[in-house]
Amino acid sequence: MKIVVLVKQVPDSTEIRVDKATGTLIRAGVPSIINPDDLAGVEEALKLKETTGATVTIVSMGPPQASEMLKELYARGVDECVLITDRKFAGADTCATSSTLAAALDKLGYDLIIAGRQAIDGDTAQVGPQTAERLGIPQVTYVDEIKAVNGDTITVKKALEDCEQIIEAKLPVVLTTLSGMNNPRYMNCNDIVDSMNKEVTVWTFDDLGIDESKVGLAGSPTKVHSTFTKDVSADTETFTLPANETAKLIAQTLKEKQLITK
Amino acid sequence: MAKFEGYKDIYVFVEQKNGEIANVGYELISEARKLVASIPHMNYSVVGILLGHNIKDKAQDVIAHGADRVVVVDHELLKDYSTQFYTDALTQVINEFKPDSLLTGATVLGRDLAPRVAARINAGLTADATKIEMDPEKQDEALLLVTRPTFGGNLFGTIICPDTRPQMATIRPNVFAMDAPDASRSGEVVEFQPDFKDTDAKVVVKEVIEKVIEGVDITKCDILVGAGRGAENCLDMVKAVAAELGGEMCCTRAVIDDGFADKELQVGQTGKTVRPSLYIACGISGACQHVAGMDKSDMIIAINRDPQAEIFSVSNMGFIGNVEEILPLLKDEIIAAKKA
């Protein structure tokens, strides 16, 4: 079984701060990490490798620097890493990204595709389902557990708002995984040494045989109209009062607004 | 006008489960009503799309909540949600009726369905919108300006789809307010029969395990008292104040991660979005990830020791002080106010 995991390198959004003077994001010094939902997917793939002898291939789309992150995945035990990188892919929305990834997946071949549910920089959760659609194969999103693989059938648990579903799907299928479904393994010392010698396969636009109108900004139906940092709302009244007066004023306000009822 | 020949009206995918319609569909219909009212010269309607089996009698509910028309797709393959059959049916509805825009709830179901449909028809889809307006400069195109948070809520982007139709967006539950239904409203019900090329299900649900939700659903509470890390030592008091107000406690991610409360109570980007009448933020610093889940509350009162806390910038009233000291006194004041 050939498992392909889609992985994105993202800025650690919990470390991002806004420069209040300029109203822009402070990106300097913000570490790049492997997107958490994707890392959970890598771990699931490595578990299947151990139990079924599957091979694990990583595919990532991003700038050339992302190859450092991919080397780290070799140290966790994956078999092959492919980085899709080209200036022509810049500005891609999820529609164009999924077209690009699908072209790479067609070229690689696959039995099972795992993608993280969503990336912490964009939070769209769209690339997994859209890649499945481009490939014409089924999907199961919000996967919380991979229970078994029997022949060409995979059984997973999906987490919904009010219930969980045990789902059977025929391979090939795209699963999207949730961080928290497992504890990703650490890098292995021997593998870290070995990973130094492993190469990341780099594919550019010319390697994918895809129409230029389907990638990058040109292939993206959504366009960014404008960006801003924070809706400044509410004219706050701030009080510094002794605790008992604070309590009185809050209760009095709630009473006036009819938020205290008998 | 000829740019998108035949595309008209704002459509809302109305999610249902076992015949019960999720509120988010009605929230989106209420918002769609405001959008069409902002471009009266275009004469746009609000149209609900209802997929399911034996659900035709629900169409009147959708009209009562503000739809001018409801497209009902009733088929046994649509009884329970399936990515495959719902994508086939919804895509055919779009191709037949040509919506100018299509709004879908950003639920687990909506986030499974909408991207798949958008990819099939190569339409632009914006995820998790928090604000939707008509571009005042492109009124004759009914161009939507769709705003959404990114980078964990640190940055907001306004997204447009200038060259494709329908303009698609998903919106999380509770982001928009739901108007009260009007049972006397009338509207048109249109039935549509899809043509499923392949009726063999590729993905099968073998078993459903109902989740036992401990406590209450905070998204349905009218009063919430939120606890942040600064209130971790007095969570019982937070609960007591909430109880006196007839509300519930909710928490920031930090409190959940520290193991003090259940994930079901988490408000914020990776938790739930709430919009109660009153939100009292106790010891909450106001990280944008949390604020993204509660800043639509009608009234926000914040209590925090740190005068620089970000929470004050989204609050209507801010109190600089120690929650551990203030909350017991507040509880007594509320009890006294009830008696008065």
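Residues numbered from 1 in each chain as written. Chains lettered and ligands numbered in written order. Predicted model: local features only at pLDDT ≥ 70, side-chain atom pairs only at ≥ 80, totals over all residues. Heavy atoms only, no water.

Peer 1: In this structure, what is going on with the pairing of strand β10 (residues 153-159) of chain A? I would like to understand it.
Peer 2: Side-chain positions along a regular strand alternate between the two faces of the sheet. Residue and element names in this part refer to chain A. For β10, a buried count of 7 out of 7 residues is recorded, marking the element as mostly surrounded by other parts of the structure. Side chains Thr153, Thr155, Lys157 and Ala159 of β10 all project onto a buried face; the interleaved residues Ile154, Val156 and Lys158 project onto the opposite face, where all are buried too. Bridge count between strand β9 (residues 139-150) and β10: 6 bridges; the pairing is antiparallel. Bridge pairing links Asn150 to Thr153 in β10. Counting the residues that bridge the hairpin from β9 to β10 gives 2 residues, and of these Gly151 lies at a positive phi of roughly 60°. With 7 bridges connecting them, β10 and strand β11 (residues 163-170) associate as antiparallel partners. Its bridge partner lying in β11, Val156 is registered against Ile167. (Buried < 20%, exposed > 50% of the residue type's maximum accessible area, 1.4 Å probe, protein only. Helix = DSSP H or I, 4+ residues; strand = E, 2+ residues; numbered from the N terminus. Pairing = 2+ DSSP bridges.)

Peer 1: Which parts of the structure should I look at to understand the sheet that holds β9 of chain A?
Peer 2: The strands making up a sheet associate through backbone hydrogen bonding, with each pair oriented either parallel or antiparallel. What the 10 strands build is an open sheet, ordered β13(A)-β7(A)-β6(A)-β1(A)-β8(A)-β12(A)-β9(A)-β10(A)-β11(A)-β13(B); its pairing is mixed. Each end of this open sheet is capped by a strand with a single partner; those strands are β13 (201-203) of chain A together with β13 (203-210) of chain B. The mean inter-strand angle of the sheet, taken between neighbouring strand axes irrespective of direction, is 30°. Its contacts with the sheet put helix α3 (residues 94-108) of chain A on β1 (2-7), β6 (55-61), β7 (80-84), β8 (112-116) and β13 of chain A, and the angle it makes with β6 of chain A is roughly 150°. (Axes fitted to C-alpha atoms, helices over the stretch in contact; angles between N-to-C directions. Contact = heavy atoms within 4.5 Å.)

Peer 1: Is there a simple way to think about the nonpolar core in this case?
Peer 2: A general tendency of soluble globular proteins is for nonpolar side chains to be buried together. The biggest cluster of nonpolar side chains holds 56 residues, and the ones touching the most others in it are Leu245 and Tyr279 of chain B. Among the elements that line this core, the one with the most residues is helix α8 (residues 323-339) of chain B, at 6 residues. What Leu245 of chain B contacts, discounting residues up to four positions off in sequence, is Leu254, Leu259 and Ile260 of chain A together with Ile223, Val225, Leu278, Ile280 and Ile334 of chain B. Core analysis: the next-biggest nonpolar cluster, separate from the first, contains 36 residues, Val42, Val56, Ala169 and Leu171 of chain A among them. (Core = buried A, V, L, I, M, F, W, Y, C linked by side-chain atoms within 4.5 Å.)

Peer 1: Got a minute to help me understand the sheet that holds strand β12 (residues 188-191) of chain B in this structure?
Peer 2: Residue and element names in this part refer to chain B. Sheet architecture is open: 7 strands sit in the order β7-β11-β6-β1-β4-β5-β12, paired in parallel fashion. Every other strand in the sheet has two partners, leaving β7 (125-129) and β12 as the edge strands with one partner each. Neighbouring strand axes in the sheet, compared pairwise and without regard to direction, differ in orientation by 25° on average. Taken together, the 4 bridges between strand β1 (residues 8-14) and strand β6 (residues 99-105) define a ladder with parallel strand orientation. Opposite Ile10, over in β6, you have Ser101 as the bridge partner. Its contacts with the sheet put helix α1 (residues 23-37) on β1, β4 (46-52), β6 and β11 (167-171), and the angle it makes with β1 is roughly 165°.

Peer 1: Please explain the packing of helix α2 (residues 66-76) of chain A against helix α5 (residues 189-197) of chain A as it appears in this structure.
Peer 2: Residue and element names in this part refer to chain A. Relative to each other, α2 and α5 sit at 135°, their axes nearing to 7 Å. Accordingly, the angle class assigned to the pair α2 and α5 is oblique. Relative to α5, the crossing made by α2 is right-handed. Facing α2, whose interface residues are Lys71, Tyr74 and Ala75, α5 presents Asp191, Ile192, Ser195 and Met196. Of the residues assigned to the contact of α2 with α5, the class counts are 4 nonpolar, 1 polar and 2 charged. (Parallel < 35°, antiparallel > 145°, perpendicular 65-115°, else oblique. Left-handed = near helix turned anticlockwise from the far one by under 90°. Nonpolar A, V, L, I, M, F, W, Y, C, P; charged D, E, K, R; others polar.)

Peer 1: Which parts of the structure should I look at to understand the domain arrangement of chain B?
Peer 2: Note on interface size: it is often stated as the accessible area lost on association of the parts. All names here are of chain B. One can read the domain layout of chain B as domain 1 (2-191) and domain 2 (218-339). Put simply, the middle of domain 1 and the middle of domain 2, counted by C-alpha atoms, are 33 Å apart. When domain 1 packs against domain 2, close to 920 Å² is buried across both sides, 37% of that on carbon and sulfur atoms. A per-residue breakdown of the area domain 1 buries against domain 2 is headed by Gly152, Arg172 and Asn174, which together make up 55% of the total. At the boundary of domain 1 and domain 2, one finds 0 salt bridges. Our enumeration of links across domain 1 and domain 2 arrives at 7 residue pairs in polar contact (both at pLDDT 80 or more). Looking at the side of domain 1 that touches domain 2 residue by residue, the classes come out as 5 nonpolar, 5 polar and 1 charged. (Domains from an automatic or database assignment. Buried area = accessible area lost by both parts, 1.4 Å probe. Salt bridge = Lys/Arg side-chain N within 4 Å of Asp/Glu carboxyl O. Polar contact = N/O pair within 3.5 Å; in protein donor to acceptor, adjacent residues only side chain to side chain.)

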